[in-house]
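# Coordinate inspection notes
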Protein chains: 4
Amino acid sequence: MAKPLNIGLIGYGFMGRTHSNAYRKVNQFFDLEYHPVMKAICARSEETLQAFAERWGWESCETDWHKLIERDDIDAIDIASPNNTHHDIAVAAAQAGKMVLCEKPLAINAAEGLEMAEAVEQAGVANMVWFNYRRVPAIALAKQLVTEGRLGKVFHYRAEYLQDWTISPKVPQGGATLWRLDAEVAGSGVTGDLLAHSIDTAMWLNGPIHSVTAMTETFIKERELQDEPGKIGPVSIDDACAFLVRFENGAMGTFESTRYARGRKNYNTFEINGEGGSLCFDLEDAHRLEYFDNCDDDHVHGWRSILVTDFEHPYMDKWWVPGCVIGYEHTFINALADFLDSLASGETLQPDFRCALDTQIVCDAVLESAKSGQWIEIAGG
Amino acid sequence: MAKPLNIGLIGYGFMGRTHSNAYRKVNQFFDLEYHPVMKAICARSEETLQAFAERWGWESCETDWHKLIERDDIDAIDIASPNNTHHDIAVAAAQAGKMVLCEKPLAINAAEGLEMAEAVEQAGVANMVWFNYRRVPAIALAKQLVTEGRLGKVFHYRAEYLQDWTISPKVPQGGATLWRLDAEVAGSGVTGDLLAHSIDTAMWLNGPIHSVTAMTETFIKERELQDEPGKIGPVSIDDACAFLVRFENGAMGTFESTRYARGRKNYNTFEINGEGGSLCFDLEDAHRLEYFDNCDDDHVHGWRSILVTDFEHPYMDKWWVPGCVIGYEHTFINALADFLDSLASGETLQPDFRCALDTQIVCDAVLESAKSGQWIEIAGG
Amino acid sequence: MAKPLNIGLIGYGFMGRTHSNAYRKVNQFFDLEYHPVMKAICARSEETLQAFAERWGWESCETDWHKLIERDDIDAIDIASPNNTHHDIAVAAAQAGKMVLCEKPLAINAAEGLEMAEAVEQAGVANMVWFNYRRVPAIALAKQLVTEGRLGKVFHYRAEYLQDWTISPKVPQGGATLWRLDAEVAGSGVTGDLLAHSIDTAMWLNGPIHSVTAMTETFIKERELQDEPGKIGPVSIDDACAFLVRFENGAMGTFESTRYARGRKNYNTFEINGEGGSLCFDLEDAHRLEYFDNCDDDHVHGWRSILVTDFEHPYMDKWWVPGCVIGYEHTFINALADFLDSLASGETLQPDFRCALDTQIVCDAVLESAKSGQWIEIAGG
Amino acid sequence: MAKPLNIGLIGYGFMGRTHSNAYRKVNQFFDLEYHPVMKAICARSEETLQAFAERWGWESCETDWHKLIERDDIDAIDIASPNNTHHDIAVAAAQAGKMVLCEKPLAINAAEGLEMAEAVEQAGVANMVWFNYRRVPAIALAKQLVTEGRLGKVFHYRAEYLQDWTISPKVPQGGATLWRLDAEVAGSGVTGDLLAHSIDTAMWLNGPIHSVTAMTETFIKERELQDEPGKIGPVSIDDACAFLVRFENGAMGTFESTRYARGRKNYNTFEINGEGGSLCFDLEDAHRLEYFDNCDDDHVHGWRSILVTDFEHPYMDKWWVPGCVIGYEHTFINALADFLDSLASGETLQPDFRCALDTQIVCDAVLESAKSGQWIEIAGG
């Protein structure tokens with residue numbers, strides 16, 4: 001019989017939904033030693049919170065996260081609230097001896113992130129950052145192929161993360177659902193929100209980053225405030241960001257993200273070119289991995305479109321049958337399963353806070369370079 | 001507060017999982033007047049049944065479907081057991097006044113299917129057949145575009161449903177997980193299992209079929225019996241089937257299915273060519289619909305790849321955000337939501353048993369034509 | 001120094017242009033023992049013929065093909081005139097001891113085709129039918145992969161040849177540029193014009209056809225006559241044709257062609273599914289061949305998109321460099337080079353008249369089956 | 001009757017072939033006031049030159065370009081020799097009153113390029129640089145769509161030009177066929193050879209570049225010398241180059257090129273994201289242009305794959321019929337036709353030397369930035 005793991009989730013926005021769904025489903029699909037118990041959901045707005053709890057099956061509600069952390073019946077705190085709340089909650093939770101799961105980006109800057117990483121390490125509590133895209137089966141397969149040595153020496157890494165939902169000047173900023181457009185709450189714009197994913201994936205697949213030079217742009221300078229209709233305020237975030245990279249392994253890298261790429265919805269892509277082969281991925285076709293294998297016979301060389309739905313593929317033996325895809329939400333379930341497995345095995349799960357801090361450090365360097373116009377070396381990179 | 005609808009599910013194989021998952025999830029994503037209650041799961045093997053019930057949250061178990069039907073606390077019987085059990089269960093359930101949901105194909109032949117359709121109609125009970133692919137958002141969008149009149153007069157309809165999982169002669173037949181390879185249990189091979197989907201979609205999008213001529217093939221003539229290892233038996237099913245069609249609207253059609261198409265996993269495709277435009281779909285990229293619009297300016301004519309993940313697309317406002325795909329399992333959840341909605345609205349949901357019978361009639365004609373080599377007109381087609 | 005081969009070309013329409021271009025270019029790209037000399041161009045309309053000759057560099061003009069055949073300075077007669085002229089010219093040319101190159105389809109029916117094949121065989125003259133698509137590098141590569149045994153036992157063959165240029169009822173029929181819509185001149189509609197290509201490729205790749213059952217349709221029943229503006233006549237051709245096939249090797253086949261597939265311009269495709277692998281081709285992306293190799297490791301199985309532009313690929317060492325594509329016209333140049341090579345080597349080049357006759361026989365059977373609704377066995381198939 | 005234009009071509013390598021082919025073919029496909037006469041081919045190696053002249057139909061040979069320029073029977077000098085010869089030949093030809101056509105890049109640096117531009121301007125002679133990819137029909141269509149205002153305000157421009165042919169350390173450098181790997185002859189590596197194309201296209205489509213920051217890399221530091229087998233020398237070129245751009249219109253740009261991208265053969269791509277729509281192109285599928293039109297109805301938004309083979313598309317009315325592609329070589333023929341047309345109309349053809357100088361200036365800035373690590377503003381950009 002699986003052991004209960006009592007969860008307290010903070011935040012019931014978009015990420016609150018994805019996490020709740022993961023807690024509800026993980027045990028039907030994975031054979032695990034632990035089963036999460038949806039003990040408490042926490043947010044400030046009591047009324048809507050109650051409806052959310054009922055819909056998703058949370059046993060209780062809290063409107064003050066400090067109280068949630070104090071509760072003895074909570075084993076793990078899951079932080080799905082806006083970025084500027086991550087630090088205080090995570091540090092307090094760690095100090096209270098709770099496991100901590102935290103949405104990405106880890107923090108609004110590396111200084112806060114460092115304190116968070118140190119807090120969980122000093123407390124010795126299990127911790128994870130929800131870089132869910134590592135758990136896309138095709139990306140996990142990419143990692144496997146890299147580990148198998150199929151790419152050989154890597155020359156190039158390219159990443160793009162393109163969306164188009166803020167092109168209209170009528171989109172307001174700030175507020176409950178648009179805090180990602182407010183740098184005070186989010187830390188930054190696309191850099192923390194989207195490029196953090198790209199950087200996490202890149203360092204997972206290709207190792208540490210040595211240095212960067214970057215540019216950012218804010219195309220629309222003023223927007224209405226969501227919480228104060230009619231009031232216009234300056235836009236504080238980076239609408240778009242591009243940077244060049246030198247990896248420690250000698251590879252060159254290019255990264256770009258924007259929310260102004262008409263026609264791109266969740267176009268999170270990467271391409272790796274190695275001596276032995278290349279890989280290409282696009283989240284809009286997340287069930288496919290493109291692979292060029294230089295070992296193929298010369299006359300049948302070609303990019304293979306691997307339909308990542310077979311039992312041999314990462315995570316896919318847990319779901320349906322070959323040819324039947326899983327979706328966006330399953331990346332969170334796969335991540336949760338990995339976390340629960342790591343509790344059972346005692347192995348450290350990646351990405352933990354320390355690992356996510358490395359991504360945060362690169363994000364900070366990117367933003368700094370965009371201001372100074374200079375190449376920046378990654379400290380300890 | 002949503003009204004409970006007490007469900008008794010028969011079968012806990014692959015389809016038992018997809019249905020159980022639908023019952024567990026539908027109310028978190030759809031706002032419905034009804035919420036299904038997972039009252040009882042029924043199958044013959046008591047031991048494994050218990051584990052399944054626990055994993056999925058079924059309140060009770062039954063090992064005899066007659067008893068399940070007799071229970072007063074069951075509102076709806078959901079049939080996910082092998083095809084040759086559909087008829088008796090459905091008729092009995094209808095006669096007991098239960099709603100009936102039935103996996104496809106409706107029956108092992110049209111004669112049984114007719115009795116089933118008449119049974120639910122005489123009993124006046126709600127009924128649905130799980131042709132889940134109608135609830136793929138991209139296919140539902142195709143239906144919408146047809147309904148909007150964007151295709152105009154239709155000239156051609158093409159459907160393929162290709163898989164490759166039975167190429168190895170080592171795959172056994174019959175038994176708990178391979179009854180689809182036993183014509184006595186399944187009724188037929190790819191015709192009932194795969195082409196039934198293609199035919200249902202085709203008639204939904206393009207209207208009734210007038211006549212067919214067909215061929216079938218059984219590539220591997222003998223296979224081991226799953227239940228009697230070491231014993232070889234003749235293969236009774238059609239491994240592959242292809243047929244030509246004349247639709248009542250004058251369109252020509254071609255249909256093909258096989259489980260011997262190396263490299264095709266769940267390649268369920270259709271293409272419709274109309275005077276005003278064309279549509280193209282492939283279930284292996286289920287989140288996309290290809291659309292050629294003849295109204296575009298001449299120099300920018302082209303097939304559009306519609307990423308069917310926007311809030312404007314069928315079902316997608318219920319799930320995540322644009323660019324985030326749903327998967328195979330969600331087609332069942334969407335179907336269930338439609339069924340529950342139809343209970344609330346009192347409208348007849350399609351495909352009901354009568355509609356599924358039309359598909360069964362075409363399947364029978366296809367198999368008959370494959371034997372006779374003659375064109376067959378669809379009775380009442 | 002290359003030996004001259006004096007050419008007399010009959011016809012200066014679309015095919016007259018492709019052949020003229022081939023004669024002008026072949027020796028710059030291929031190292032050949034022969035070089036064609038553009039001796040004479042023949043057509044009935046003297047005036048426009050002269051302009052054509054000047055533009056393309058034909059040395060002289062003839063307005064009567066009998067005279068052309070009589071000329072001593074002509075080694076080879078190339079027939080690019082409408083289908084109903086093929087027979088008489090070819091037979092006369094062969095009897096005059098000329099080599100004969102003939103556009104496809106060989107004839108307007110198999111009876112005429114047989115006489116043509118016998119004429120060239122009795123005369124012992126070199127002969128070729130311009131099924132140019134065999135010389136698409138990707139299709140030639142497909143043939144190579146089949147020959148290498150990579151597909152193993154073949155289960156399925158599918159071919160489609162879809163266009164959309166006759167959807168408008170305003171397109172007239174007959175006349176100098178639209179004789180393909182007049183069955184008296186063309187022999188048939190899409191069957192002879194498009195499916196002849198598909199059948200030739202299919203039998204080249206997968207061997208003889210055993211039997212067929214077919215349907216045809218004429219969607220627009222009347223059209224204006226191109227040569228008599230304002231006059232309407234019944235449409236005599238098949239606008240669309242689909243048929244089922246049993247190959248002699250046991251494979252099932254489906255074939256379809258139409259000029260009413262909105263959005264398809266020159267969509268000439270095939271897919272072959274074998275035990276060891278599959279191939280897929282689309283003429284609209286003619287520089288690519290899709291290949292699924294079952295020998296790949298399980299977790300990296302996938303359809304490879306082979307960019308057929310490397311020096312290792314058929315014909316491509318003669319053209320530019322990897323990554324640089326050739327186009328439609330080059331298929332004729334490649335074919336001509338093969339023909340000239342066969343003269344030097346003395347080997348029989350395929351497809352010759354006898355081989356093209358086999359395709360004609362299948363076309364006739366298809367048209368007959370479409371009338372009778374019966375399966376037809378291919379005589380001597 | 002077309003007027004003769006006597007051509008003297010310098011260089012008979014790969015580009016010598018593409019130009020010769022263009023001169024031979026242009027008048028069969030385009031109706032022009034001028035027809036080029038293949039008067040003289042010039043190169044140092046007399047023996048092989050003669051064979052080249054015979055194969056392609058050049059009337060005479062010269063082994064000293066000074067003599068070629070002195071000839072009275074030459075109207076236009078076409079420079080297809082290595083980059084470090086462009087300057088002297090072009091200046092001398094202009095001073096001799098000859099028209100000058102020059103392969104790209106214009107020169108080995110901007111200083112030489114400026115002298116060349118001034119020379120042709122002072123002499124008042126027609127001049128063109130062979131940036132042939134502007135004449136890819138799909139790229140010309142992209143220009144047309146930009147000009148039609150379909151993209152609106154542009155936010156992003158991305159270009160990649162990826163190849164993989166120098167990954168092997170066994171590829172030698174320098175010499176007759178590998179001078180592109182010798183910076184002394186080529187000026188630079190991928191920057192001048194490949195990125196010059198990308199920059200020319202970018203500025204044509206999106207206007208001037210304001211500033212750049214760049215990085216370059218030489219992955220393989222030493223290679224054998226082609227002309228001195230056994231002797232190893234340091235590699236002087238940039239194997240790869242990436243840079244960030246700010247355009248004068250406010251758009252952000254990213255550019256990258258390499259010859260170390262395993263699996264990419266001639267992957268010359270761009271993507272433009274504007275408020276009203278986006279465009280995407282890949283030279284490996286050169287007959288297609290991807291277009292996202294924000295004006296489409298919401299539920300049918302999608303990237304259109306425009307098959308650029310219709311009569312309505314740039315250049316395509318001159319070639320075959322819809323669905324029939326042209327290839328790499330045709331871009332040179334299209335360019336030549338445009339040049340000949342410009343002679344007739346008296347309009348200045350783009351890109352002329354002055355325009356190509358702008359590209360050269362950006363290339364120089366890129367290489368300088370790669371050394372300094374600083375952003376560089378484009379002089380007069």
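Our structure's up above, just so we're on the same page.
Since the structure is predicted, the reported quantities are computational estimates derived from the model, not experimental observations.

### Quick word on the overall build of chain A
A count of helices and strands for chain A gives 11 helices and 17 strands. Against the 2.2 N^0.38 benchmark of 21 Å for 381 residues, chain A shows a C-alpha radius of gyration of 21 Å, consistent with a compact globule. Expressed along its principal axes, the backbone C-alpha trace of chain A runs to roughly 65 × 55 × 40 Å. Per-residue burial for chain A yields a buried fraction of 64% across its 381 residues.

### Comments concerning the relation of the copies chain D and chain A
When chain D is fitted onto chain A, the two copies agree to an RMSD of 0.0 Å after a turn of 180° and an axial shift of 0.0 Å. Both chain copies can therefore be described as sitting about a two-fold axis. Relative to the rotation axis, the closest C-alpha in chain D is found at D:Gln374, a distance of 3.2 Å. A shared interface surface links the copies, since 100% of the contact residues of chain D are contact residues in chain A too.

### What about the packing of helix α1 (residues 14-29) of chain B against helix α10 (residues 330-345) of chain B?
Residue and element names in this part refer to chain B. For the pair α1 and α10, interaxial distance at closest approach is 8 Å and the crossing angle is 65°. Crossing of α1 against α10: the hand is right-handed. The segment α1 lies against α10, with Thr-18, His-19, Asn-21, Ala-22, Lys-25, Val-26 and Phe-29 engaging Phe-332, Ile-333, Leu-336, Ala-337 and Leu-340. Looking at side-chain class alone, the contact of α1 with α10 contains eight nonpolar, three polar and one charged residues.

### A closer look at the pairing of strand β12 (residues 252-258) of chain C
Residue and element names in this part refer to chain C. In terms of residue burial, β12 counts as a mostly covered element, since seven of its seven residues are buried. With seven bridges joining them, strand β7 (residues 154-162) and β12 adopt parallel strand pairing. Note that in β12 the partner of Glu-160 across the bridge is Glu-256. For strand β11 (residues 240-247) and β12, the ladder comprises seven bridges, and the chain directions are antiparallel. Paired with Arg-246 across the bridge in β12 is Met-252. Linkage of β11 to β12, two consecutive antiparallel strands, is achieved through a turn of four residues, within which Gly-250 is found at a positive phi near 95°.

The rules we used
- Each chain has its residues counted from 1, running along the sequence as written.
- Written order determines the labels here, with chains lettered from A and ligands numbered from 1.
- Totals for whole chains, interfaces and linings use every residue, but because this is a predicted model, local features are given only for residues with pLDDT of at least 70 and side-chain atom pairs only at 80 or more, for both listing and counting.
- Put simply, DSSP H or I for four residues or longer makes a helix, DSSP E for two residues or longer makes a strand, and each gets a number counted from the N terminus.
- The size measure is the radius of gyration over C-alpha atoms, and the globule rule it meets is 2.2 Å times the number of residues to the 0.38 power.
- Note on burial: count the other C-beta atoms lying within 10 Å of the residue's C-beta; 20 or more is buried, 12 or fewer is exposed, in between is partly exposed, and C-beta positions come from the backbone.
- The copies are overlaid by a least-squares fit using only the C-alpha atoms of residues whose pLDDT is at least 70 in both copies.
- With C-beta atoms placed from the backbone, a contact is any residue pair whose C-beta atoms sit within 7 Å.
- Axis definition: a line fitted to C-alpha atoms, limited for helices to the stretch in contact. Angles are taken between N-to-C directions and run from 0 to 180 degrees.
- Each crossing gets its handedness from the near helix: less than a right angle anticlockwise from the far helix is left-handed, clockwise is right-handed.
- Basically, the charged four are Asp, Glu, Lys and Arg, the nonpolar ten are Ala, Val, Leu, Ile, Met, Phe, Trp, Tyr, Cys and Pro, and anything else, Gly included, counts as polar.
- Pairing between two strands is assigned when DSSP locates at least 2 bridges connecting them.

Distances and angles like these do not, on their own, reveal function.
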